[in-house]
Amino acid sequence: MNEQITGALFKQMVLHGAAAITAQKQAINDLNVFPVPDGDTGTNMSMTIGTAVTELQKSAPATLTQAADLTASALLRGARGNSGVILSLLFRGMSKGLKGLETADAAAFAAAMQQGVFSAYKAVMKPAEGTVLTVSRLAAKRAVEAAAEESDIEKVLEEAIREGYETLAQTTDMNPVLKKAGVVDAGGKGYLLILEGMLAEMRGEPMPEISEDAAPQERADFAALSDEDITFTFDTVFIVRKTVERSLDPLRTYLAGIGDSLVIGEDDDAFKVHVHTDIPGAALTEAQKYGTLELAKIENMRTQAEDLAAGRHVQSTDDLAAVEQALEAAPAGGHVVAPPEKKYGFLAVCAGAGLEAVFKDLGADGVVSGGQTMNPSTEAILEGVDAVPAETVFVLPNNGNIIMAAQQCAALTEKNVVVIPTKTVPQGITAMMNVDFDSPSAEDITAAMTESLTTVTTAQITYAARNSDFDGFDIKEGDYLALEEGKLFGTDASLSALLERLAGSAKEKEASFVSLYFGEDVSQEDADAAGKLFEETCPDAEVAVLSGGQPVYYYIISIE
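Nothing here was measured: the structure is a model prediction, and the numbers come from that model.

What counts, and at which threshold
- Residues numbered from 1 in each chain as written.
- Predicted model: local features only at pLDDT ≥ 70, side-chain atom pairs only at ≥ 80, totals over all residues.
- Heavy atoms only, no water.
- Buried < 20%, exposed > 50% of the residue type's maximum accessible area, 1.4 Å probe, protein only.
- Helix = DSSP H or I, 4+ residues; strand = E, 2+ residues; numbered from the N terminus.
- Arc of directions from axis to C-beta.
- Contact = heavy atoms within 4.5 Å.
- Patch = residues over 30% accessible without salt bridge, like charges linked within 9 Å, V, L, I, M, F, W, Y side chains within 5 Å.
- Areas by Shrake-Rupley, 256 points an atom, 1.4 Å probe, with all protein chains shown as cover.
- Salt bridge = Lys/Arg side-chain N within 4 Å of Asp/Glu carboxyl O.
- Lys, Arg positive; Asp, Glu negative; His and termini not counted.
- Charge placed at Lys NZ, Arg CZ, Asp CG, Glu CD.
- Axes fitted to C-alpha atoms, helices over the stretch in contact; angles between N-to-C directions.
- Parallel < 35°, antiparallel > 145°, perpendicular 65-115°, else oblique.
- Phe/Tyr/Trp six-rings, centres within 6.5 Å; stacked < 30°, edge-to-face > 60°.
- Pairing = 2+ DSSP bridges.

Caption draft 1: Representation of helix H11 (residues 249-258). Listed as buried for H11 are Leu251, Leu255 and Ile258. Each buried residue of H11 lies within a common arc of 65° when the element is viewed along its axis, so the set occupies one face. Away from its buried face, by an angle of more than 90 degrees, H11 presents the exposed residues Thr253 and Gly257.

Listed below in structure tokens is the structure:
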């Protein structure tokens, strides 16, 4: 029996809840309403609560308020995707309900759960039933009822979870899309796994073992890389002691132009750079314009990959490790905020060097890497916003699952953040093409960008990750899938057949402009052939074929 939750216990409950969903994250990912390889709800929720684990493990909260506040703050910045944002809102509201409390009894904790639900519903523009919102609402409602009858928090939480699972089973019938696919809501299932983990901690049960594959991780498994996966040869890391007061933004731009995997950690006295490049000497020379080079390591990733594959030990620079760890341990949110040099700035989210170049050519000040299956966190978007040297920053999420994470940035920065609700890359490009950079009014820019979204139709071609019978389509694993405006347009074993059908759809729409952005798995020759097909089918349309370099989608097609 447990009648009080302390700060120390709440910390352990969150750690256990995080372990519970991380152990089952792939099962959550597999609750897909489409067989498209974009199932990332489990990953998003796992990585979101994983940020709280990182912060809690470094602290010893003396009160429940401290533990809940720390958890909510970490979740807010680490939120990924809609499911991660809603999870952060549930815990943010809970922290408000526990404000000022050293400990909480059953009634206080149940009321805090309900406060979390209020916060989530309030933040969601158009709450949809049959989702994690429904599951959390009815679970909290039952918790409040049980707390009025029972002082044992374990039994109250048990009742909430029981009600949650009964509701979860009904989500299939509540949501038409879930009903078509015959699955329950993934976000609701993930939330209940977290609550089950929290209850298990109160009961003294051991945490689930998490395999390396299940653990949420930002970094790629280097051992899994083959030589063809390595774009740049040298893993370059160095420390520079600052000798001049100067923004590192130009250095970031330069290094991004000669490599990838760029990370710069900074404090008042020094900064650390990590970059993959073919010309590490150039990176070091450029960095010395900002200070004195102190330590550096340059490792050949191709030979490292060979050593790893052969089971050989890979040498590293031991004397640099301690410095790296110190800088990497800097608290979240310590990034530099660029002073406003202009009224308006623009930040886009996309994946692929070609698409990034398109947005920058159209006037975007920055690009955050992300998209389908790789939703950036609120913190990552916030860093992008703060790096834009403007008073007002317009953010183009370019994915429906990133909009909410972007919207959370408004409360975390002094800059004025305007999120244009772009759900696809073509919408984002169209929005940028309709910007009047000389407009005196942010409202006018917002209106013009938002209104332009209705003028473009987005089509995408990807592949089926699993067998499925969806909406009348008998889909086989490995088939090509065509989506139009987010809805399944067609499926075929032939990519050319789907391109022909989409070209016919563009002709029916009397398209004037068609842009084909081909992905990283498509050759220039095949992309040119696809462009020729659209030109022949739509002779009155201006057709452009551009390298997008995006993962997951063979083609992203803009039809205007």
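There's plenty left to go through after this.
Caption draft 2: Broad picture of the side chain of threonine 233. Within the secondary structure layout, threonine 233 lies in the loop between helix H10 (186-202) and strand S1 (234-242). On the accessibility criterion, threonine 233 (14% relative accessible area) is buried. Leave out the neighbours within four places in its chain, and threonine 233 touches Thr277, Asp278, Glu299, Asn300, Met301 and Arg302.

Caption draft 3: The arrangement of a negative patch on the surface in detail. A cluster of like negative charges, contributed by Asp436, Asp438, Glu443 and Asp444, occupies part of the molecular surface. Here aspartate 438 is to be found in the loop between helix H18 (425-433) and helix H19 (442-452). Looking at aspartate 438, the relative accessible area reads 72%, which means it is exposed.

Caption draft 4: Fine view of unusual backbone geometry. Phi at glutamate 485 is positive, roughly 55°, even though this residue is not glycine. Unlike most non-glycine residues, valine 552 shows phi in positive territory, near 70°. Looking at the element boundaries, valine 552 is found in the loop between strand S15 (542-547) and strand S16 (555-559).

Caption draft 5: Structural view of the packing of H11 against helix H12 (residues 280-287). For the pair H11 and H12, interaxial distance at closest approach is 11 Å and the crossing angle is 175°. Of the possible angle classes, the one that applies to H11 and H12 is roughly antiparallel. Touching Leu251, Tyr254, Leu255 and Ile258 of H11 are Ala282, Ala283, Glu286 and Ala287, all from H12.

Caption draft 6: Quick look at the packing of aromatic side chains. Counted according to the given criterion, the structure contains five aromatic pairs. Considering the side-chain rings of phenylalanine 346 and phenylalanine 437, the 5.5 Å spacing of their centres and the 75° angle between planes classify their relative orientation as edge-to-face. Placement of phenylalanine 346 in strand S5 (residues 342-350) and of phenylalanine 437 in the loop between H18 and H19 is noted, with a sequence separation of 91 residues between them. Classification of phenylalanine 346 by relative accessible area gives buried; the value is 2%. For phenylalanine 437, a relative accessible area of 44% corresponds to the partly exposed category. An angle of 65° between the planes, with centres 5.4 Å apart, marks the rings of tyrosine 480 and tyrosine 554 as edge-to-face. Residue tyrosine 480 is located in strand S12 (residues 480-484), and its partner tyrosine 554 is located in the loop between S15 and S16; the two are separated by 74 residues in the primary sequence. Residue classification places tyrosine 480 among the partly exposed residues on the basis of a relative accessible area of 22%.

Caption draft 7: Representation of the pattern of salt bridges in the model. A complete count under the given rule lists 18 salt bridges for this structure. When the shortest N-O distance is used, the salt bridge between arginine 77 and glutamate 379 registers 2.9 Å. Taken together, the positions of arginine 77 in helix H4 (residues 64-78) and glutamate 379 in helix H16 (residues 378-387) put the pair 302 residues apart, joining distant regions of the chain. The exposure class assigned to glutamate 379 is buried, which follows from its relative accessible area of 10%.

Caption draft 8: Spatial organisation of the sheet that holds S12. An order of S13-S12-S9-S16-S14-S15 is seen for the six strands of this open sheet, with the pairing classed as mixed. Each edge of the open sheet is held by one strand with a lone partner, namely strand S13 (487-492) and S15. Across the sheet, the axes of successive neighbouring strands diverge by a mean angle of 15°, strand direction being ignored. Bridge count for S12 against S13 is five bridges, and the pairing is antiparallel. Paired with alanine 482 across the two strands is glycine 490, which belongs to S13. Against the sheet, helix H20 (residues 495-508) makes contact with strand S9 (457-463), S12, S13, strand S14 (513-518) and S16, and its axis sits at roughly 140° relative to S13, the strand it touches most.

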